[in-house]
Amino acid sequence: MRSSVLAFVAGVWLLQLQPNLPDLQWAWGLPLLAMAVWLPRAGLVGRLRRALVLLAVFASGFMYANWLAQVRMADALPTQWEGVDVQVTGVVAGLPVKTERGQRFEFDVERVATPGAGVPKHIQLSTYTTSFTGQPLPDPLVIHAAERWRFTVRLHRPHANANPHVFDMEAWFLERNLRALGSVRDSPDNQRLQAFVARPGYAIEAAREAIALRFDRVLAGEPYLGVLKALAIGEQSAIPQSQWLLYQRTGITHLISISGLHVTLLAGLAFALVQAGWRRVPRLTLRLPARRAAVLAGALTALVYVLLAGFAVPAQRTLYMLLVVALALWSGRTLAPTRVLSWALLVVVLLDPWAVLSAGFWLSFGAVAAMLLATTARVGKPHWLRAWWAPQWAVTLALAPVLLLLFGQFSLISPLANAFAIPLVSFVITPLALLGSVPGMDWALHTAHSLMTGCVWLLTWLAQLPWAVWQQPEPGAVAVALGLVGVVWLLLPRGFPARGLGVVLLLPALLTPAPQPPAGALWVDVLDVGQGLAVLLRTTHHTLLYDTGPPYSAESDSGNRVIVPYLRGEGVTRLDGVIVSHDDNDHSGGAVSVLRALPVGWLLSSLPPTHPVLALSVPHRRCVAGQHWRWDGVEFTMLYPSAASYADTTLKDNNRGCVLQVSSAGGTILLSADIEARDEAALLAGARNQLAATVLIAPHHGSRTSSTPNFVAAVHPALTVFTVGYRNRHGHPRGDIVTRYAAQGSRLLRSDSGGAVALRFTPGQPFVDSAWRQTQRHYWQDSAASVR
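Everything numeric here is computed off the predicted structure, so don't read it as measured data.

### Quick word on the overall build of the protein chain
Phase 1 of the analysis: Check the secondary structure of the protein chain and you find 26 helices and 24 strands.
Phase 2 of the analysis: Taken over C-alpha atoms, the radius of gyration comes to 29 Å for the protein chain, in line with the 28 Å a tight globule of 788 residues would show.
Phase 3 of the analysis: Seen through its C-alpha atoms, the protein chain measures out along the principal axes to roughly 100 × 70 × 60 Å.
Phase 4 of the analysis: For the protein chain, the residues scored as buried account for 52% of the 788 residues in total.
Phase 5 of the analysis: Partitioning the contacts of the protein chain with sequence separation of at least 6, the portion at a separation of at least 24 is 69%.
Phase 6 of the analysis: Surface summary for the protein chain: the accessible area is close to 35200 Å², and the carbon and sulfur share equals 62%.

### As for the state of the cysteines
Phase 1 of the analysis: Inspection of the entire model under this criterion finds one disulfide.
Phase 2 of the analysis: Across the disulfide from C623 sits C658; the S-S distance is 1.8 Å. Taking the sign of the S-S torsion, -55 degrees for the link of C623 and C658, the bridge is left-handed. You can see C623 sitting in the loop between strand 15 (620-622) and strand 16 (628-631) and its partner C658 sitting in the loop between strand 17 (634-640) and strand 18 (659-664), a full 35 residues away along the chain. Taken as a pair, C623 and C658 share a single burial class, namely buried.

### Some thoughts on the pattern of salt bridges
Phase 1 of the analysis: Tallying each qualifying case throughout the model produces 21 salt bridges.
Phase 2 of the analysis: The partner of R727 in a salt bridge is E82, with the nearest N and O atoms 3.9 Å apart. In this pair, R727 is assigned in the loop between strand 21 (719-722) and helix 24 (735-743) and E82 in the loop between helix 3 (43-74) and strand 1 (85-92), connecting sequence segments 645 residues apart.
Phase 3 of the analysis: A salt bridge links E110 to R148; its shortest N-O distance comes to 2.8 Å. In this pair, E110 sits in strand 3 (residues 102-112) while R148 sits in strand 5 (residues 148-156), placing the two residues 38 residues apart along the sequence.
Phase 4 of the analysis: Note on E110: relative accessible area 36%, which makes it partly exposed.
Phase 5 of the analysis: A cluster of three or more residues bridged by salt bridges with shared partners is formed by D525, R538, E570 and R760.

### Quick word on unusual backbone geometry
Phase 1 of the analysis: That bond from Y640 to P641 is cis: its omega, 10 degrees, falls within 30 degrees of zero.
Phase 2 of the analysis: Topologically, P641 is positioned in the loop between strand 17 and strand 18.
Phase 3 of the analysis: Cis geometry is found at the peptide bond from H732 to P733, where omega equals -10 degrees.
Phase 4 of the analysis: As for its position among the elements, P733 is in the loop between strand 21 and helix 24.

### Observations concerning helix 24
Phase 1 of the analysis: Considered for burial, the residues of helix 24 that qualify are I737, V738 and Y741. Down the axis of helix 24, the buried side of the element spans an arc of 100 degrees, and every buried residue falls inside it. Away from its buried face by more than 90 degrees, helix 24 exposes T739 and A743.
Phase 2 of the analysis: Summarising the contacts, the buried residues of helix 24 are in contact with strand 20 (695-697), helix 23 (709-715), strand 21 and strand 22 (747-750).
Phase 3 of the analysis: Positive phi shows up at G745, right after helix 24, with a value of about 90 degrees.

### Overview of helix 7 (residues 241-250)
Phase 1 of the analysis: When helix 7 is considered as a whole, its buried residues turn out to be Q241, Q243, L246, Y247 and T250.
Phase 2 of the analysis: Contact partners of the buried residues in helix 7: helix 6 (225-233), strand 8 (409-411), helix 15 (414-435), helix 16 (442-463) and helix 19 (558-570).
Phase 3 of the analysis: Positive phi appears at G251, one or two residues downstream of helix 7, with a value of about 75 degrees.

### Here we look at the packing of helix 6 against helix 16
Phase 1 of the analysis: Where helix 6 contacts helix 16, the axes come no closer than 10 Å and their chain directions differ by 115 degrees. In terms of axis orientation, helix 6 runs roughly perpendicular to helix 16. Helix 6 and helix 16 meet at a crossing whose hand is right-handed. Listed contacts from helix 16 to L225, V227 and L228 of helix 6 are L445, A448, H449 and M452.
Phase 2 of the analysis: Its residues assigned to classes, the contact of helix 6 with helix 16 shows six nonpolar, one polar and no charged.

### Describing the sheet that holds strand 14 (residues 600-605)
Phase 1 of the analysis: Ordered in space as 15-14-13-12-11-10-23-24, the eight strands form an open sheet in which the pairing is mixed. Two strands lie at the open edges of the sheet, namely strand 15 and strand 24 (768-771), each paired on one side alone. This sheet shows a mean twist of 15 degrees between the axes of neighbouring strands, independent of strand direction.
Phase 2 of the analysis: Inspection of the sheet shows strand 12 (residues 543-546) paired to strand 13 (residues 575-580) by three bridges, in the parallel sense. Bridge assignment links Y546 to a residue of strand 13, and that residue is I579.
Phase 3 of the analysis: Set on the sheet, helix 19 makes contact with strand 10 (522-526), strand 11 (535-538), strand 12 and strand 13; between it and strand 11 the angle comes to about 25 degrees.

Reading guide: rules and limits
- Residues numbered from 1 in each chain as written.
- Predicted model: local features only at pLDDT ≥ 70, side-chain atom pairs only at ≥ 80, totals over all residues.
- Heavy atoms only, no water.
- Helix = DSSP H or I, 4+ residues; strand = E, 2+ residues; numbered from the N terminus.
- Rg over C-alpha atoms; globule rule 2.2 N^0.38 Å.
- Buried < 20%, exposed > 50% of the residue type's maximum accessible area, 1.4 Å probe, protein only.
- Contact = heavy atoms within 4.5 Å.
- Areas by Shrake-Rupley, 256 points an atom, 1.4 Å probe, with all protein chains shown as cover.
- Disulfide = S-S within 2.5 Å.
- Salt bridge = Lys/Arg side-chain N within 4 Å of Asp/Glu carboxyl O.
- Arc of directions from axis to C-beta.
- Axes fitted to C-alpha atoms, helices over the stretch in contact; angles between N-to-C directions.
- Parallel < 35°, antiparallel > 145°, perpendicular 65-115°, else oblique.
- Left-handed = near helix turned anticlockwise from the far one by under 90°.
- Nonpolar A, V, L, I, M, F, W, Y, C, P; charged D, E, K, R; others polar.
- Pairing = 2+ DSSP bridges.

This is how it looks when you write it as structure tokens:
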């Protein structure tokens, strides 16, 4: 049974790796494979029978996931209805999340009133209370869970930035079945039609919102309000980015959510209380044995808690395991722990085949499997200290290769941090937070918050240790596979021969070297940060970051969401230099996050003296035409702005952008910031002979204010890259500008349709370019996100 479950899950996982969904007609072969069950069980034929049965189960998992994916992908927003006002009626299907400018919520569409419009059944909408400039809007909508509304909305397909080593938001949208995203338009037709839709799923979301609002009221302004909300109802959006970094560094992120440990604790508490009370009432025990009543109470408690928690994968895994154990206890049977884990694995994948795309799926089931391997099938009773330490060691060791593959780092202090955090958070803070959900129990919330404050103080002290985190480039799949075999080998019982070989198998995953350009080569990575610019340039021994992309919110920017994860995955631990071309937030918005995350040798910019980036302790100089340096055979030359431009207070920021030419034996790239026509004219007058480039990062994202005919002709790029946001409000790149470059014979790439662009300049070879969406294609990526 266990091997069959693993085969089925492997089939589901393989489907999620496909660039395109295969035709469902291939399912006709499943009955032929299934006929293997009638083959004899003994001898060579029996072994063949087992192999064919596993193959049939594997193929069943593949085709099952394929069928569900076909159904979900068919529920898409037609491209002709993107950016068009549509009137819909439906129900607020999830807990509304507060954002900087309003609310964000999931919405079940019941009816589309606009003639001919096609809208997916489940979408995500945003409402706003302030304008882009921060001014309050008159009569903003206030949305609550389980309400039925009529809205005028403007939608777009689920599209996100696409980069190596960075979280795949489009996969997350698919898993959540969010088939379109958009905003509620200001319209007199917007109207609440029903205050509460009485359906079980909506009632649960309304209860979650009531608890969230209570927490907001009782703990207003407290720093760890978000943590307590996450522990009680699984709502993590209120946790600041700085706190997430601390929990990640100390290895306790699994506790700052509805983890399996929390669910098990509450179910066990309900079991013990009901069993103790039931035994004392003879009339009850005659109707139902105390053990069965306790089993029922524990299972129901776990179910209610997991539903209130938003049904996350770790909580699901624990719920299904507990339900399997409950059924076994109810029927008087005994099940091996691995069978229980297998059943839970099967149920999770059957209900949500996209769960295999989430890190939580692998970390959750992997942690339990490691604990079972390290603690079961042992002879004798271990010392209490060994019994406490063995699971901690097993989980840390087992998850190290997976964490390196997913995040490029893992916490070395995790066992120490979890030693006090697990009992404190799971046994004290979480029950208090749940008790505080009840009206009148404000003291419980205040007590829980005080304890969390103490816990964070200890975590902060541990996180400051210089050896707290092991960080390296993300290892390859082969190295991770060998590492996992090594983990299994190390966790085998004492006395097993040559257990030390497991350490050897772990080494490839733990000692992955950082990729490095050969001598004289230049590697350039144009990251997909949306409507903005961030370019990483690497030579053999040096690394330069040109611009840092836009901010996304008060807590999130392209620095901490895209650039730093990418650098970590590539094994870049230090930046020799950073250039911030000018004071536009789509170029400087991630600078603070980057400069705080990594050591930086120097900073070049045209930023004003009062800019927050210059307050950081990084040596800074103004960028000025004529600056030049040479790294590993690659020439870096600043072409613009002039020193005199800094004295001209009438200049716009765009007209003082730092224009950098990088020349190698394999080709030249020109990075032109947001310069405009007047700046291009100045460059043509003073540096025309230096403008020719193999690759051009288009000025000002392809705006009509730039890319004049003379400038395009002088640069004459073989490849032009437009760094633009999907359906950006500026309309970049403009069609006539695209045509102008194409007329010069330049090939064109766009970050919105291609994702991150990798450029490789090698001496004596033609330069090579690749776009992430093309080289790492997945079936859920928006095929409609083409150049338009």
